[in-house]
Structure formats: C-alpha cells, structure tokens
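As a plain string of letters, each chain reads:
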Amino acid sequence: MKLAIVKYNAGNIQSVIYALNRLGIEPILTDDVDELRSADKVLFPGQGEASNAMNYLRNKGLDKVIKDLKQPVFGICIGQQLLCEHSEENNTDCLGIIPAKVKKFPPLDKVPQIGWNTITDLKSPLFKGIDEGSYVYFVHSYYVEANPFQIGTTNYILPYACALQKDNFYAVQFHPEKSSEVGEQILRNFIEL
Amino acid sequence: MLTKRIIPCLDVKDGKTVKGVNFLNLRDAGDPVELGALYSQQGADELVFLDITATLEKRKTLVELVKRVAQNINIPFTIGGGIGSIEDVSACLNAGADKVSVNSSAIKNPALIDQLSREFGNQCIVVAIDTRNVEGKNLVHSHGGTKPTTLDTIEWAKEMQERGAGELLLTSMDKDGTKSGFANDLTAYISTHVSLPIIASGGAGTMEHFTDVFTHGKADAALAASIFHFKEIGIPELKQYLSREGIHMRL
C-alpha cells in the first residue's frame, strides 16, 4: 500500500511517520502532485498556524490538489482545521472541503487544551472497535464548530466536532499518533478503509 | 472532560536514566526508552525526559534520545536539558519530540520564548520554572535551581505566558526531594493568575499529595520522579486512587 503524507510547512510530522512505522507502513512524505494523486491513502497531519499553512499550500498549488483527491484522505490536528471553510486563526480562508468553521476557544478555561479527553457520538468506520468515551490526546487552541459532518464529539469549554467525515475526507482534531492503543487502532482503521 | 495528567520524569545522563532505578522486568533498567515505555504501558499520561549530559555536542545527544523515544513510545513526551536556541528546538521537534522544555535560556534571554512560539506555535513550548522561597519571596532560580535570580516567580510566570509559553512546569525547590507534598499554595496562585496549563513538580511522597495538588493546588498535571522510579507508588494504583477521590483520570 502506498501511503503519502502531504509535505508542507506544518510541524510534527516525524511522530506520525514513526506511528505508521510501528504499524508496518513506510509512508512517503511528499509535495509532488503525481505522488499524492497516485497514493492509495493520503495523510494530512501537522501542527502550526493556519494562515501560514494555507499560504504555503496555495503557493505550491497543493490546495487544488488536495481538494481533488479521490482516495481516503485523513486530516489530523491543523490538517482537520485546514479542510474546513474558514478559521478564526488570523482570519484564514481554508480549503473549504468540509463546510464547517474553526473558532478560537472562548477564554472560560485554560487555552490551549492540552491533555487527554473523551470522544463520544462516534459514527464512522474510522472508529471501528473504538469504545464510546475512549481517551485521546489533544493539543489545540482552535476547534471545529458542531456541524452536519461531525462523526465524533469532545467537550472542552463547549461540545465541538473532534472528528469529521465528508465523502473520502476524514479528519480528527486529536493526535492518534500520540493516543496510545486507541490512537493506533484509529490509524489502523484509516489504513484499512 | 479533560483529565488531570500524571507525568513521570526521567533524568538522563550519557544515555542512561540516573537515580537508582530498579525494575526487575526490564532488560536494561537504565535505558530511558525502555523505562519510558513501561511507564506508558502502566498508564502514564505523558513523559518528561531531562537530559543532564554535559557535552559539547549537546544537540546531537538530545536528538539521539528524542529519536529513540519517538520511535518506540506512543504517548506525548517533552524533552528538556540545555535547550537554548531555535535550532535546538527545531532539531528536537523534527526528530519527533512533542514539546520542548526551556528553563535557564529563557531567563538569560526572555525574548527567546517569543521567537520560539512564533516559529513553532505555543503548544510545544513548555517553560520550566524552578522556584525557591528566599526571605519570604518566591524567586526564580536558574541552572537546575542552584542560582537565585531577582525574578519574582509569579511575575515571571505571567511574563512567560505573555511571551508565548504554552505550558508552565513549576518546580518548588523548597519541596523537591522532601516528599512532604507539592507547593500547593504557590501552584494554585499561579494556576489562577495565568491561563496556561500548570504542571506541578517537587515534593510528591504519597498518593494524598497528588489529590492535594489537583484540588488545593489547582494543577493540571503532576510530575514526579523518584517515587515512581523506586516503585514507592505505582502509576495504576495512583490513578485508581485519584479516580476514587473524584479526580478525573484516564484509566
């Protein structure tokens, strides 16, 4: 199986690569259009700031490439946020693949949310074998508002969409690569889609 | 609901864990990666690796350690120990670290924290603050808590937040090694006056101390070393106990 990871200017890709290695997958990290189009699966992970990431993707023409992908695509963390329409982080227009908005947590508790929280209302093959209320690891200051493409809910300050699916696009806010056995199972589920 | 976190800290020197670790079920009790993996299996929520090796090629030592940890462990971890530049942080993050901990370098050059958070995002920048009470004042100490500065701990915590820290690791040098409980009053004060998650460290001796630091101390996470290394308290028992005490834990 050929699994491509979108190479762009958002950090913390190495731990995703190691997590895939532990599952026996050797991913390729690439921004080459043909490589991305011909992959069986595409992973779109990363941590970083939305406007910088979008500028980079547009300059490289990757915005259009990602939108047109037909195979299963998996956005993680900022990857999830970039698949949405718009982010409040520096008022950024994102890829617009999933009609949902990204907002900043209101300052009613500590921001960023850092740590383990539960995922509930799970509805997607991405969560096959995952119990309702399982714990996964989050690090973020912006969240995706509740929306019709939500396949998982987390509550921090307010209930929000911790996971999304639209057609062949899947996305989670948390870090499966850092979420112990639960995270491994989610990555495995994506690989087996 | 977001859980409170239990974080074992491993001091690493020349690639080995220091402090008398004695785990019979490990092939190499001194191997930080194997010990970290064991803690992870036991339910640790995160790990902190503090590399205290003094070498000229410090960055290389750090990166080697980060790589081995990241390849083998599937929970988040922070690396610290002599991190002083954008290049150090970049090397550690690229090797697979989730967060870096900065201490003395931030005291020497506070603007480093602005640079780091702009460059990498605040979520991966942990500022470690070693504090000691000197004649009634809580003062920040540098160089592993040995050198007093004139910085007031609370003001320093606020400044670090403004400059872009994502989390604070607060170690009470008054409590460290005493096993008499965490510095709950100071931790609570800082936790309510900054909006960042606070990792409390120094003083853990009993399971009740953890209850106290999460309730009175309002800490978001608690870090300890020797009680875990010497198996005085097991992580599964501790988390079960805290859960029964009404503290939200990942079990």
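I will try to describe carefully the structure that is included in this document. As the structure is a prediction and not an experimental result, all values here were calculated from the model.

**Description of the pairing of strand E8 (residues 113-119) of chain A**
Residues in a regular strand point their side chains to alternate faces of the sheet. Residues and elements named next belong to chain A. In terms of burial, E8 is a largely internal element, seven of the seven residues being buried. Examined bridge by bridge, E8 and strand E9 (residues 134-140) share seven bridges and lie antiparallel to one another. Residue pairing in the sheet places glycine 115 in a bridge with phenylalanine 138 of E9.

**Describing the packing of aromatic side chains**
Counting across every chain of the model gives 14 aromatic pairs over all chains. Between phenylalanine 105 of chain A and tyrosine 156 of chain A, the ring centres sit 5.4 Å apart and the planes meet at 80°, which makes this aromatic pair edge-to-face. Of this pair, phenylalanine 105 of chain A sits in the loop between strand E7 (101-104) and E8 while tyrosine 156 of chain A sits in strand E11 (residues 150-156), and the two are 51 residues apart along the sequence. Residue classification places phenylalanine 105 of chain A among the buried residues on the basis of a relative accessible area of 3%. With relative accessibility at 6%, the residue tyrosine 156 of chain A sits in the buried group. Seen from their ring centres, phenylalanine 182 of chain B and phenylalanine 210 of chain B are 5.5 Å apart, and the 75° between their planes marks the pair as edge-to-face. One end of the pair, phenylalanine 182 of chain B, is in the loop between strand E9 (167-172) and helix H7 (184-193); the other, phenylalanine 210 of chain B, is in helix H8 (residues 207-215), with 28 residues separating them in the sequence. By the ring-pair criterion, three or more aromatic residues cluster together here, those being Phe105, Phe138, Tyr143, Tyr156, Tyr160 and Phe174 of chain A. Above the plane of the ring of phenylalanine 190 of chain A lies lysine 41 of chain A, whose end atom (NZ or CZ) is 5.9 Å from the centre.

**What about the side chain of aspartate 130 of chain B?**
Residues and elements named next belong to chain B. Looking at where aspartate 130 falls in the secondary structure, it is placed in strand E6 (residues 125-134). Of the side chains with opposite charge, arginine 132 lies nearest to the buried aspartate 130, which makes no salt bridge, at 8.6 Å. Within the structure, aspartate 130 has its side chain in polar contact with the side chain of asparagine 103 (distance 3.2 Å). In this structure the side chain of aspartate 130 is engaged in a polar contact, spanning 3.4 Å, whose partner is the backbone nitrogen of glycine 145. With residues near it in sequence (within four places) discarded, aspartate 130 still touches Asn103, Leu139, Val140, His141, Gly144, Gly145, Thr171 and Met173.

**Considering the nonpolar core**
Of all hydrophobic cores here, the largest spans 75 residues; its most connected members are Phe49, Ile79, Leu168, Phe210 and Phe214 of chain B. Counting residues per element, this core draws most heavily on helix H2 (residues 58-72) of chain B, at six residues. Discounting chain neighbours no more than four positions away, the residues touching leucine 168 of chain B are Val127, Ile129, Ala157, Met160, Ile190, Val194, Leu196, Pro197, Ile198 and Ile199 of chain B. Of all hydrophobic cores here, the second largest spans 34 residues; its members include Ile5, Ile119, Leu126 and Phe138 of chain A.

**A short note on helix H3 (residues 50-59) of chain A**
All names here are of chain A. When we look at burial in H3, the residues that qualify are Ala50, Ser51, Ala53, Met54 and Leu57. End-on view of H3: buried residues confined to an arc of 160°, all on one side of the axis. Each element contacted by the buried residues of H3 is listed here: strand E3 (41-44), helix H4 (62-67), helix H5 (78-83), strand E5 (86-87) and strand E6 (92-93).

**Examining the interface of chain B and chain A**
On the chain A side, the residues contacting the 38 residues of chain B number 26 residues. Around 2,500 Å² of area is buried between chain B and chain A when both sides are counted, 50% of it from carbon and sulfur atoms. Taken as a group, Leu2, Asn74 and Gln123 of chain B account for 27% of the area that chain B buries against chain A, more than any other trio of residues on that side. Where chain B touches chain A, the interface holds two salt bridges. Of the charged contacts in the structure, one is a salt bridge between lysine 110 of chain A and aspartate 220 of chain B, with a shortest N-O distance of 2.7 Å. At the boundary of chain B and chain A, one finds 15 residue pairs in polar contact (both at pLDDT 80 or more). When contributions to the side of chain B that touches chain A are tallied by element, the ones reaching two or more residues are H2 and helix H3 (86-94) of chain B. When grouped by side-chain class, the residues that make up the side of chain B that touches chain A number 16 nonpolar, 12 polar and 10 charged.

So, how was this worked out
- Residues numbered from 1 in each chain as written.
- Chains lettered and ligands numbered in written order.
- Predicted model: local features only at pLDDT ≥ 70, side-chain atom pairs only at ≥ 80, totals over all residues.
- Heavy atoms only, no water.
- Buried < 20%, exposed > 50% of the residue type's maximum accessible area, 1.4 Å probe, protein only.
- Helix = DSSP H or I, 4+ residues; strand = E, 2+ residues; numbered from the N terminus.
- Pairing = 2+ DSSP bridges.
- Phe/Tyr/Trp six-rings, centres within 6.5 Å; stacked < 30°, edge-to-face > 60°.
- Lys NZ or Arg CZ within 6 Å of the ring centre and 35° of its normal.
- Lys, Arg positive; Asp, Glu negative; His and termini not counted.
- Salt bridge = Lys/Arg side-chain N within 4 Å of Asp/Glu carboxyl O.
- Polar contact = N/O pair within 3.5 Å; in protein donor to acceptor, adjacent residues only side chain to side chain.
- Contact = heavy atoms within 4.5 Å.
- Core = buried A, V, L, I, M, F, W, Y, C linked by side-chain atoms within 4.5 Å.
- Arc of directions from axis to C-beta.
- Buried area = accessible area lost by both parts, 1.4 Å probe.
- Nonpolar A, V, L, I, M, F, W, Y, C, P; charged D, E, K, R; others polar.

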